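A structural walkthrough
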Amino acid sequence: MPFDVRKGFTTRRPSLPTKGDEVMQLGMIGLGKMGANMVRRLMRGGHECVVWDMNPASIDELGREGATGAKSLDDFIAKLTKPRAVWIMVPAGEPTEKTVNALAAQLAKDDIIIDGGNSYFKDDARRSRSLREKGINYVDVGTSGGVWGLERGYCMMIGGPKAAVEHLDPIFKTLAPGPGNIPRTPGREKIKGTVEDGYLYCGPSGAGHFVKMVHNGIEYGMMQAYAEGFDIFHHANSDQLPEEIRYDLNVADIAEVWRRGSVVASWLLDLTAMALIEDPNLANYTGFVQDSGEGRWTIQAAVEEAVPAEVLSAALYTRFRSRQEHTFAEKILSAMRKKFGGHLEARSGSK
């Protein structure tokens, strides 16, 4: 079986959408990699998509694939049938805020705004409260799947008014991965719901992004654990070790064997194996690691709830550290060691 990271065959074979009776019209604002691929998956499932983006080329590309392109936000709204459903897939923060406000000025009672990005859950609660005064429904959807979602499907964590979420169910069902070949969890045989299809109604406004926020915080911790383990392997032949316990390990092979029957197998490990076979020394990577915000918000939530989150906190701080040379704090440590014990640290690059 060839390796296809899009299918993530360690965990499941994706369920591609099929055209059914329950089709809907959806407007999509934001046609980046995720937004555009969500439109493509929806169209595969028979849904009608109206699209708009600041980049006309993105609109034209999806227009050639069957979507209805809009020339402006006014034109976009005019092409939607009431009650209108508009999915926003733009960066969190100011871009999302401006888009929600612009839509709020033109939408009407019973219309639905869906934020599928990575907004802060407290912003969701505030926006929902404001929109409720106009009778506009606000649904927050924490969306996981990244650039592979077109084929694999998207795992979705959903918050907002329950009636609006139920109205959108055909959209969620098409975007979701479906049961695939994941074995059913013992005890779930008589439990109804959508979780086995890959989407979940989590609760009122903000609940979807709250669950996705913690999901991303956990992702930081899992990634950091893999990174530290493989770093230990990478240095197992260090000349600082006694010669008889130096090991020249093939980290790509270790990643591959762990994918097969190991308790640490996961899609993140699939991706790691793929990266290591392509570039065993990771020479094309600098080690500079960004954080997208959800990790910080997860730690803030832990503080507010007085919940210890040592692993998640350490993983976030490691990302901060990756973006610095030696810090002033480390220089203070070095200075103290010299003063109390005469320890003079070797300069970088010296032996």
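Residues numbered from 1 in each chain as written. Predicted model: local features only at pLDDT ≥ 70, side-chain atom pairs only at ≥ 80, totals over all residues. Heavy atoms only, no water.

1. Section: the packing of aromatic side chains
- Scanning all chains against the criterion turns up nine aromatic pairs.
- Relative to Phe320, the ring of Tyr317 lies with its centre 5.9 Å away and its plane at 45°, an arrangement referred to as tilted. Remark: Phe320 and Tyr317 occur in helix α13 (residues 310-322); sequence separation between them is three residues, near one turn of the helix.
- Relative accessible area serves as the criterion here: at 25%, Phe320 is assigned to the partly exposed category.
- Among the aromatic residues, ring-to-ring pairing joins Tyr120, Phe121, Phe210 and Trp297 into one connected group.
- For Arg152, the ring lying beneath its charged end belongs to Trp267, and the centroid distance is 4.0 Å.
- Here the basic side chain of Arg319 rests over the ring of Tyr220, its NZ or CZ set 3.7 Å away from the ring centre. (Phe/Tyr/Trp six-rings, centres within 6.5 Å; stacked < 30°, edge-to-face > 60°. Helix = DSSP H or I, 4+ residues; strand = E, 2+ residues; numbered from the N terminus. Buried < 20%, exposed > 50% of the residue type's maximum accessible area, 1.4 Å probe, protein only. Lys NZ or Arg CZ within 6 Å of the ring centre and 35° of its normal.)

2. Thoughts on the confidence of the model for the chain
- Here the chain averages 90 in pLDDT, while 92% of its residues score no lower than 70.
- Segment residues 1-14: pLDDT under 50, and 40 contacts once partners within four positions in sequence are set aside and those in other chains are kept. (pLDDT = per-residue confidence, 0-100. Contact = heavy atoms within 4.5 Å.)

3. Focus on the environment of Cys202
- Position of Cys202 among the secondary structure elements: in strand β8 (residues 199-203).
- When its relative accessible area of 27% is taken as the criterion, Cys202 is described as partly exposed.
- Here the alpha-carbon distance between Cys202 and Ala302, two residues 100 residues apart in the chain, equals 19 Å.
- Contact partners of Cys202, with chain neighbours within four places excluded, come to Met157, Ile158, Ala207, Gly208 and Val211.

4. Remarks on the sheet that holds strand β1 (residues 25-29)
- Ordered in space as β3-β2-β1-β4-β5-β6-β7-β8, the eight strands form an open sheet in which the pairing is mixed. Sheet topology places β3 (68-69) and β8 at the edges, where each strand pairs with a single neighbour.
- Across two bridges, the pairing between strand β2 (residues 48-52) and β3 is parallel. Bridging across to β3, Val50 finds its partner in Thr68. (Pairing = 2+ DSSP bridges.)

5. Regarding helix α4 (residues 94-104)
- If you check which residues of α4 are buried, you get Thr96, Glu97, Thr99, Val100, Leu103 and Ala104. Each buried residue of α4 lies within a common arc of 165° when the element is viewed along its axis, so the set occupies one face. Exposed and facing more than 90 degrees away from the buried side of α4 are Glu94 and Lys98.
- Close packing links the buried residues of α4 with β1, α3 (73-78), β4 (85-88), β5 (112-115), α5 (121-132) and β6 (137-144). (Arc of directions from axis to C-beta.)

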